6 protein chains.
Amino acid sequence: MWKGLKECFTIVKTDPDVRCVILAGRGRIFTAGLDLKQAQSEGLVSDDKADIARIGYYHRIKVLELQDCISAIEQCDKPVIALIHSGCFGAGVDLATACDIRFCTQDAFFTVKEVDIGIAADVGTLQRLPKVVGNDSWVRDLAYTARKAGADEALKFGLVSKVFENREEGLAKSIGVASEIASKSPVAVIGTKHVLNFSRDHSVREGLEYNALWSALMHHTEDIPKAVMSFMTKKKPIFSKL
Amino acid sequence: MWKGLKECFTIVKTDPDVRCVILAGRGRIFTAGLDLKQAQSEGLVSDDKADIARIGYYHRIKVLELQDCISAIEQCDKPVIALIHSGCFGAGVDLATACDIRFCTQDAFFTVKEVDIGIAADVGTLQRLPKVVGNDSWVRDLAYTARKAGADEALKFGLVSKVFENREEGLAKSIGVASEIASKSPVAVIGTKHVLNFSRDHSVREGLEYNALWSALMHHTEDIPKAVMSFMTKKKPIFSKL
Amino acid sequence: MWKGLKECFTIVKTDPDVRCVILAGRGRIFTAGLDLKQAQSEGLVSDDKADIARIGYYHRIKVLELQDCISAIEQCDKPVIALIHSGCFGAGVDLATACDIRFCTQDAFFTVKEVDIGIAADVGTLQRLPKVVGNDSWVRDLAYTARKAGADEALKFGLVSKVFENREEGLAKSIGVASEIASKSPVAVIGTKHVLNFSRDHSVREGLEYNALWSALMHHTEDIPKAVMSFMTKKKPIFSKL
Amino acid sequence: MWKGLKECFTIVKTDPDVRCVILAGRGRIFTAGLDLKQAQSEGLVSDDKADIARIGYYHRIKVLELQDCISAIEQCDKPVIALIHSGCFGAGVDLATACDIRFCTQDAFFTVKEVDIGIAADVGTLQRLPKVVGNDSWVRDLAYTARKAGADEALKFGLVSKVFENREEGLAKSIGVASEIASKSPVAVIGTKHVLNFSRDHSVREGLEYNALWSALMHHTEDIPKAVMSFMTKKKPIFSKL
Amino acid sequence: MWKGLKECFTIVKTDPDVRCVILAGRGRIFTAGLDLKQAQSEGLVSDDKADIARIGYYHRIKVLELQDCISAIEQCDKPVIALIHSGCFGAGVDLATACDIRFCTQDAFFTVKEVDIGIAADVGTLQRLPKVVGNDSWVRDLAYTARKAGADEALKFGLVSKVFENREEGLAKSIGVASEIASKSPVAVIGTKHVLNFSRDHSVREGLEYNALWSALMHHTEDIPKAVMSFMTKKKPIFSKL
Amino acid sequence: MWKGLKECFTIVKTDPDVRCVILAGRGRIFTAGLDLKQAQSEGLVSDDKADIARIGYYHRIKVLELQDCISAIEQCDKPVIALIHSGCFGAGVDLATACDIRFCTQDAFFTVKEVDIGIAADVGTLQRLPKVVGNDSWVRDLAYTARKAGADEALKFGLVSKVFENREEGLAKSIGVASEIASKSPVAVIGTKHVLNFSRDHSVREGLEYNALWSALMHHTEDIPKAVMSFMTKKKPIFSKL
């Protein structure tokens, strides 16, 4: 499933037909997180018979690979909307925070579950959660206690930006937002995501410099005259695929 | 107007008479953002006749120049209060997020309009907005859809810190805050802004080290004994101009 | 007291018996901040008789030492819960923002008091406050005006994550949270804090890489099989001291 | 060939049988650099019919992929010795500077050829060459003029560390060095390369911190007691594969 | 003269007729460095009558302005060859290290003179000298003692890349190199300088990413087919001005 | 001895009587490096009985402490001249590269010995050696093979800047250089070292900005008028202690 996730978003990145993605769960809950049994069988939760340095060397590579699977969402340059319903445990939070927009249902709850299996979260939550949320005290409360935070709390403290009655309404509204995004210039939209991500990890000055170079390339697009024309004629523009 | 903005804040930076600035709109709306016609005439929205590498080289420099106009607000070291009323479109958000304090009126609304003209915002919004706001999901929702966000939403998600009934009340209250700031030690106030900006773009440790050096210079000020004395005598201190 | 603070958290760091700390005031207020008289006697608020470069050189070192006292809280790797009641002035905010979780009582108020003594805050507030709070406009309003912000405002804008009726309730609830944290795997908890702090100051990618190396070491712990076992048997695990 | 390069070093990274690599040319020259015809057919040297922003978006991804092929050498963690004979043009310099140790023959010459095909080198030379060489004036002389630099010049200015009579002697000596390296503890050797690379791109302090965490894991190796024992008994130790 | 320097290189940056610059002295020596009398009259070497914090605030701005004058050389994106003859004192070293290529005459000598007037060099030497030279021990020897280093020493330790008999030969050879550079694609040459400078200040990975974006724009140039064609027809290409 | 080293340079930092330090060995060789027996007794070369995560947590702290002992040389702000004679093994290279100026005797040899005890060097060599030397290929050759490099090689490749006949001559000449440094303005000298170290680890721009702030403080020194006066009167100035 990890590899599937990566493969999927690697395809999404260069598939001209895709302009926006909605990531939702189909089961009873959004996700139960890491599958402990699989993790054990793959040696992620290691026993310690052989030389620890050697085991550790390969283990580090394996963790990096798992991280890459989730980071593929961030790197696909196309907006990803996560719709979370019911339980979102452990790796689910790593997953959700790698998305761009987080909506949830009234019955959703989030739990940074990793301390409960004896580890520090290591596929993204500790890096991304504090950067997407406006209350660090709350982030640490969740991360140290592994307690559940419901939809209202998630909205209040900044983890999601909208709460819907249920999964159906959530899906309908997510599709509405996704359609809106898909109707925009894809050059503009992927540029916005790409530069937002670059700028999150750099100083304002460095973000601006990268942005200027990006513009120097991307302003050579037919989408600008199209958009401007549509703005003046009040007709909805139709943009070519990426 | 871009150049005027830069000139203005360059003067403000070293004009001892200025201690705090209020940036407010005087028209029907705060700002409609980039003037598309002027941009076209200046080649910012380029046609593609000549060698693209050469056009792009100069285009990048032009974008950097526009960015500098807005960054001048940040670099003037004196607090700037933005009072936004009614519409704040595109470049208006770049402008507002470069200010220190954002107040708005009840009828204000914000829209990261750039995707609607086929571009990724490139004069500051993508760098500063996520660093001044506590809900990244909301930031991206706005940036990808170009939808309007009203005053209450702006307050709830962290873009402004106060909402006023109308422009008059807003101005009166902004002047109140500005006067309060102007009554403080200018050495202390500009140091606070300067170090806040430095620290936003650095690790905590690097921010602290820069801060210590700043203090080693700035603690040699008459404002400290003045302030301490006033603290003890309960008399309002009067600080020299910068 | 500064040195005591540092010493205390240096001990906490390697004392296996400590798993979580609650930092609360015992007096009428949480803290009045820097003791002006002591600061003067130690030359932190300097007179200017001798060579300024030489004075400044040593002054910088002294400020760095004070900063280190507060940073010791951050570097102790064990979660620190600050419970703030009544007044929290100046250095108190530097202190509180170096903690992990901030709770306060209904009568608490916060004031970034430094501009009122003629200086820019320099022992942590300007570095940490904007990174723990979700509204930069509010942060700067506080920092430039030195005005008081009450408990509700602190909660709304992201400085604290819970407000309690009074100090007694606050202590009881803080002890509850601390006990919960102390019952978890200490390997997992200190790792979570350590990696959160590292990741705050680095790009997502760099945070992930450090995290992977951390995991490669820390997954070699008996706490994981213990935790997993307890998860399956539904019995509360008991983890060894660190 | 680019993909083959990446594949090869990806395998090398986790193949326990490989401890050190020698990269040498087998033809008349070391390498003629980028194959212009293939580049054109793959659209790397683009014509400009369609939308430039869209072309540019995919072109950037393609360049990143080529870069990754060369960076695979750096990331394989096992020392790579480049033995350069005769001509080393363009991409050959990108390749050579991604290796750890550079030896060359008396008839070798290097040319940063990219300006001669109208581009700035973009698969590593501009990043790595100045960091492996001790005379930036020389680096820029080469990069702006595309002139040839012979073996003696390369040695004098720091691009290679040894010059051999001819390819045969070079190979023999390279194999000597590689054998020496292969006889050491693989845990120690890969750690040395890994940390050298990390530290090149970070401040001394950050490099030290990462190094300390690396040691905390890697010192748990049987290679240390083995090495120490061998040191005392004066018997050559035999280390397990990685 | 400082302002003239900045103005000159700001013009050079966007003057299509300029492709390469030679910076040489016309007097008895290359430069005597900072003019102490002028510096004093402009308050750079300050007396200490008024409030030190206020003086210091403006002094810092003034130093930044002087630094900008020298950094203009680096930021003009066109290669600058410095030809140093006879004495090169203090600010002369700041100047020379901001250039791309450093040649000197047999009678040249360099002295980081600043400690001899009671200051740490502050317009570039301490930042750039160690990054252009391959022997840090030598750099510090020069910087702490202010001793003279002659042409041979400068060549041996990496400060210059060629030494000429005298100023005439130096000029002739510099013009030769400059002409060679000017005959190349200007898109390729400025890109090479621009990316070298960016990469010097970033990790290899960040340099590569910026480089890929740069290429995605700049590969859309007519200079590439021109260069490739010339390569095949063996006729010297003629590139348009930038 | 590690602790003594740290203590010594911590004292040196604020002892006004010390202006420059010479670090030389008094025994048969400069240093044999880490004392394996002591390291074992202190658990640095760990056995693996207990919980590895817990052992590793403390081990990391211990390595950081050792690193701090050596970094104290760098942080003391006063120039340190290392005079290396005969053997300089392992930790000796960490030590020497933390010094400012490296001289050696004709019989000196250097060996990055760590791989021979099964570890990657971790107290500074891997961070500092490549930044003080102008040939990265040579650095890696030494680090992977643990082979000896003699005085001439060390000079040629940039590790030392002077080679003396023997220890007596070396000492005499080192004292000469140290005396020269000690005769300069201490404000200028420590500033030079401090800013060189800061700038090594930052971009040129960041180095310049820090430098400007440093100057804004340090130019308020009596040493400048003294130095200028002496310059005009040709009389050797006498500067106050720091």
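Refer to the structure printed above.
Residues numbered from 1 in each chain as written. Chains lettered and ligands numbered in written order. Predicted model: local features only at pLDDT ≥ 70, side-chain atom pairs only at ≥ 80, totals over all residues. Heavy atoms only, no water.

**Observations concerning the interface of chain B and chain C**
What counts is decided by this rule: Only heavy atoms enter the contact rule, under which two residues are in contact if any of them lie within 4.5 Å. Summed over both partners, the accessible area lost on bringing two parts together, with a 1.4 Å probe, is the buried area. For this document, the term salt bridge refers to a Lys or Arg side-chain nitrogen within 4 Å of an Asp or Glu carboxyl oxygen. By the criterion applied in these results, polar contacts are pairs of N or O atoms within 3.5 Å in which, for protein atoms, one can donate a hydrogen and the other can accept it, and in which residues neighboring in sequence qualify only through two side-chain atoms. Going along the chain from the N terminus, every DSSP run of H or I of four or more residues is numbered as a helix, and every run of E of two or more is numbered as a strand. Under the convention adopted here, Pro, Cys and the residues Ala, Val, Leu, Ile, Met, Phe, Trp and Tyr are nonpolar, Asp, Glu, Lys and Arg are charged, and Gly plus all remaining residues are polar.
Taken together, the 52 residues of chain B in the interface contact 49 residues of chain C. Ranking the residues of chain B by area buried against chain C places B:Leu196, B:Val204 and B:His220 at the top, with a combined share of 17%. If you look at where chain B meets chain C, you find three salt bridges. C:Arg140 is the salt-bridge partner of B:Asp100, the closest N and O atoms lying 2.7 Å from each other. Where chain B packs against chain C, one counts 22 residue pairs in polar contact (both at pLDDT 80 or more). For the side of chain B that touches chain C, the secondary-structure elements that each account for two or more residues are β4 (101–105), α5 (125–132), α7 (151–157), α8 (167–182), α9 (186–200), α10 (204–218) and α11 (223–233) of chain B. The dominant element in the side of chain B that touches chain C, judged by the number of residues it contributes, is α9(B), at 11 residues. For the side of chain B that touches chain C, a count of residues per class yields 26 nonpolar, 16 polar and 10 charged.

**What to know about the relation of the copies chain B and chain C**
Stated precisely, the cut-off is as follows: Only residues with pLDDT of at least 70 in both copies count here: their C-alpha atoms drive the least-squares fit that superposes the copies.
Between chain B and chain C, which share one sequence, the superposing operator has a rotation angle of 120 degrees and an axial displacement of 0.0 Å; the RMSD is 0.0 Å. The superposition operator between the copies reduces to a three-fold rotation axis. Nearest to the rotation axis, the C-alpha of B:Gly134 is located 2.1 Å from it, this being the minimum over chain B. Looking at the interface residues of chain B, only 8% of them are also at the interface in chain C, so each copy uses its own face.

**Points about the relation of the copies chain E and chain B**
Superposing chain E onto chain B takes a rotation of 180 degrees combined with a translation of 0.0 Å along the rotation axis, leaving an RMSD of 0.0 Å. With respect to symmetry, the two chain copies, as superposed, fit the operation of a two-fold axis. A symmetric contact is evident, with 100% of the interface residues of chain E recurring at the interface of chain B.

**Brief notes about the interface of chain E and chain B**
Between chain E and chain B, the contact holds 30 residues from the first and 30 residues from the second. Of the roughly 2,300 Å² buried between chain E and chain B, counting both surfaces, carbon and sulfur atoms make up 60%. Of all residues in chain E, E:Arg54, E:Tyr57 and E:Tyr58 give up the largest surface area on contact with chain B, accounting jointly for 31% of the area buried on that side. The tally of links from chain E across to chain B stands at two salt bridges. A salt bridge links E:Arg54 to B:Asp223, with the nearest nitrogen and oxygen atoms 3.0 Å apart. In this structure, the connection of chain E to chain B is made through 17 residue pairs in polar contact (both at pLDDT 80 or more). Of all the secondary-structure elements, those providing two or more residues to the side of chain E that touches chain B are α1 (2–14), α3 (52–75), α9 (186–200) and α10 (204–218) of chain E. Here the side of chain E that touches chain B takes eight residues from α3(E), the largest share from any one element. Residue composition of the side of chain E that touches chain B, grouped by class: 16 nonpolar, six polar and eight charged.

Honestly, it's all geometry; don't read function into it.
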